[in-house]
Amino acid sequence: MVVPIDDVDPWSLVRAVPSHRTWRAWRGPNGDFHLAVGHAWRMSTNGRSPALDLSDLGRMLKDTPGQIATISVAFDPKRTHQKDQIWKDFAPIEISVPEVLFQRVGGRWSLTIVADAERFETVERGAKAIHQSALTGTVPEAQIEGQVEFGTYRAEVQRALEALHNEDVSKIVMARKAEFRANSEIDHARVLRRLDERFPNCFVFAHRAGGSQSGPGAVFLGASPERLVACDSGTLHTEALAGSAGVGQSETERSELANALMKSEKDLREHHHVVDYIQEILGPITSGFELGELGVKSLKNVQHLHTPIRAKLKEGATILDAVKVLHPTSAVGGSPRERALELIAEIEGFDRGWYAGALGWMGLGDSTDGELTVAIRSAMIRKNIAELYAGAGIVVGSDPVAEDQETRVKMRALLEALE
Ligand SMILES: C=C(O[C@H]1C=CC=C(C(=O)O)[C@@H]1O)C(=O)O
């Protein structure tokens, strides 16, 4: 059942979901928003069961009732969830058709409910209560204070550089984790509202898992500039995003840094690795590969080299086929992919979990559309603690001090939204 509903503030809606329920929220750069609550249908791996085949699932899901399915794939589903308890409620792969779906598409709000006859009334009542409470509720503005602990990074970059010299790898993306400890509980809706305002051209995403009657579960959230893939009436859109620079103190400095980035040999080399890799990997499922113009994607705190890419999805292929081949891209893993993933697991002292994973949605029924982001610039929030993640592409010539700085700058976006 799909019904139009009154316009509502998306983050008040997120805040109004009862604390024992799981939800997934998404705001795309085009302004479309969805909040998916609960599961009418769910498929997930727990890390021990054999990997789900995304291609098979894509085809199976076509006949499932509902508007969309939400998709969540950890950075490295085969290896994740071994070191950190923090990811225990976030399955390495999860695909879900929500029981309740609030959507704002092209500025119009609607509510979709997928439930069998027995549950329908209860679910509908719950959905209307969320909407009603959001219409009258507010998201708090109060600032919070806290301390951040960045942890080590330069030694890990050094180890990656040694591997680049000694082995047959040309790029490894090294990530770090920082801990922000606030003096009071962190309000996820407030953080999301701030990310939404500060990063209009990014994907803002959040997922709450593992809630129970005794308290809410952790929330994984972020604002990512990177689109993994979008499908729009059979056309596949993706992009290469790698190679970074700061923004300086003024508009002039911002454009000087962007110009220098367009000429930086190290950054161009890193960027071209990503472009080549995407072209090679998309071959079997697409035709008519087209590279857009290389440019700079300029965000509030950082700028990146950016190349848009377009291709035609071959007959019968779905967005999940594209996720299967593209993820994890060399902008977050490295190249060659498998060896880079092994080295990341060896060198980084933590589980990436869903950081740098693939998060998004796909249309059901006749729709072949969908979109996923690469979940970078993200954090896991539980009570008053936020674990923040950021990484940088390491290639021959990378400087550990500069990479340390770059990852701190990337984390600033979230820190500013948290405080
Ligand atoms: C891995 C991250 O960024 C990637 C995306 C864009 C630019 C990157 C870079 O310049 O290193 C990274 O490859 C991150 O932000 O955690």
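Quick caveat, the model's predicted, so the values are computed rather than measured. (Residues numbered from 1 in each chain as written. Predicted model: local features only at pLDDT ≥ 70, side-chain atom pairs only at ≥ 80, totals over all residues. Heavy atoms only, no water.)

## Topic: the pairing of strand β7 (residues 100-105)
The side chains of a regular strand alternate, first on one face of the sheet and then on the other. Spelled out, the test is: Relative accessibility decides the category of a residue: with a 1.4 Å probe and only protein chains considered, values under 20% of the type maximum give buried, values over 50% give exposed, and everything between is partly exposed. By definition, any uninterrupted DSSP run of H or I lasting at least four residues is a helix, any uninterrupted run of E lasting at least two residues is a strand, and each is numbered from the N terminus. What makes two strands pair is DSSP finding at least two bridges between them.
β7 sits mainly inside the fold: 5 of its 6 residues count as buried. Bridge count for strand β3 (residues 33-37) against β7 is 5 bridges, and the pairing is antiparallel. Residue pairing in the sheet places Val 37 in a bridge with Val 100 of β7. Both β7 and strand β8 (residues 108-113) contribute to a ladder of 6 bridges, which runs antiparallel.

## Structural notes on the domain arrangement of the protein chain
The following threshold applies: In this entry, domain limits derive from an automatic or database-based domain assignment. Note: buried area is the sum, over both parts, of the accessible area (probe 1.4 Å) each one loses when the two are combined. Basic side-chain nitrogens of Lys or Arg form a salt bridge, by our definition, when they fall within 4 Å of a carboxyl oxygen of Asp or Glu. When residues are grouped by polarity, Ala, Val, Leu, Ile, Met, Phe, Trp, Tyr, Cys and Pro land in nonpolar, Asp, Glu, Lys and Arg in charged, and all others, Gly among them, in polar.
With domains assigned, the protein chain is organised as domain 1 (2-141 + 199-208) and domain 2 (148-189 + 219-350 + 375-418). Measuring from the centre of the C-alpha atoms in domain 1 to the corresponding centre in domain 2 gives 24 Å. Of the roughly 3100 Å² buried at the junction of domain 1 and domain 2 (both faces included), carbon and sulfur atoms supply 64%. On the domain 1 side of the interface with domain 2, the three residues burying the most area are Phe 75, Phe 199 and Phe 205, jointly 22% of the side's total. For the pair domain 1 and domain 2, the interface holds 3 salt bridges. One salt bridge in this structure joins Arg 79 and Glu 338, with 3.2 Å as the shortest N-O distance. Among the elements of the structure, α1 (10-16), α2 (54-61), β5 (68-73) and β11 (203-208) are those that each provide at least two residues to the side of domain 1 that touches domain 2. No other element matches the 6 residues that β11 contributes to the side of domain 1 that touches domain 2. Class assignment for the residues of the side of domain 1 that touches domain 2 results in 21 nonpolar, 4 polar and 10 charged.

## Some thoughts on the confidence of the model for the protein chain
Parts of the model with low pLDDT should not have their predicted coordinates read in detail. Cut-off, in case you're wondering: A score between 0 and 100, pLDDT records how confident the predictor is in each residue.
In this model, the protein chain carries a mean pLDDT of 92, and residues with pLDDT of at least 70 account for 97%. The ipTM assigned to the predicted complex is 0.97, against a pTM of 0.95.

## Considering the packing of helix α4 (residues 154-166) against helix α10 (residues 400-418)
Between two packed helices, what matters for the description is the angle formed by their axes and the separation of those axes. Put simply, the rule is: Whenever a helix is involved, its axis is fitted only over the stretch in contact; in every case the axis is a line through C-alpha atoms, and angles between N-to-C directions fall within 0 to 180 degrees. For classification purposes, an angle smaller than 35 degrees is called roughly parallel, one larger than 145 roughly antiparallel, one from 65 to 115 roughly perpendicular, and anything else oblique. Left-handed describes a crossing whose near helix is turned anticlockwise from the far helix by less than a right angle; the clockwise case is right-handed. Two residues form a contact once any of their heavy atoms are found within 4.5 Å.
Running from N to C, α4 and α10 cross one another at 125 degrees; their axes reach a closest spacing of 9 Å. With respect to their mutual orientation, α4 and α10 come out oblique. Our pair here, α4 against α10, has a crossing hand that is right-handed. Contacts between α4 and α10 involve Arg 154, Val 157, Gln 158 and Leu 161 from the former and Pro 400, Val 401, Glu 403 and Asp 404 from the latter. Of the residues assigned to the contact of α4 with α10, the class counts are 4 nonpolar, 1 polar and 3 charged.

## Quick word on the pattern of salt bridges
For the structure shown, the criterion picks out 31 salt bridges. For Arg 227, the salt bridge is made with Glu 371, and the minimal N-O distance between the two is 2.9 Å. With Arg 227 in strand β13 (residues 227-232) and Glu 371 in strand β20 (residues 370-374), the pair connects residues that are 144 residues apart, well separated along the chain. Residue classification places Arg 227 among the partly exposed residues on the basis of a relative accessible area of 26%. The network of salt bridges with shared partners includes Lys 171, Lys 266, Asp 267, Glu 270 and Glu 403.

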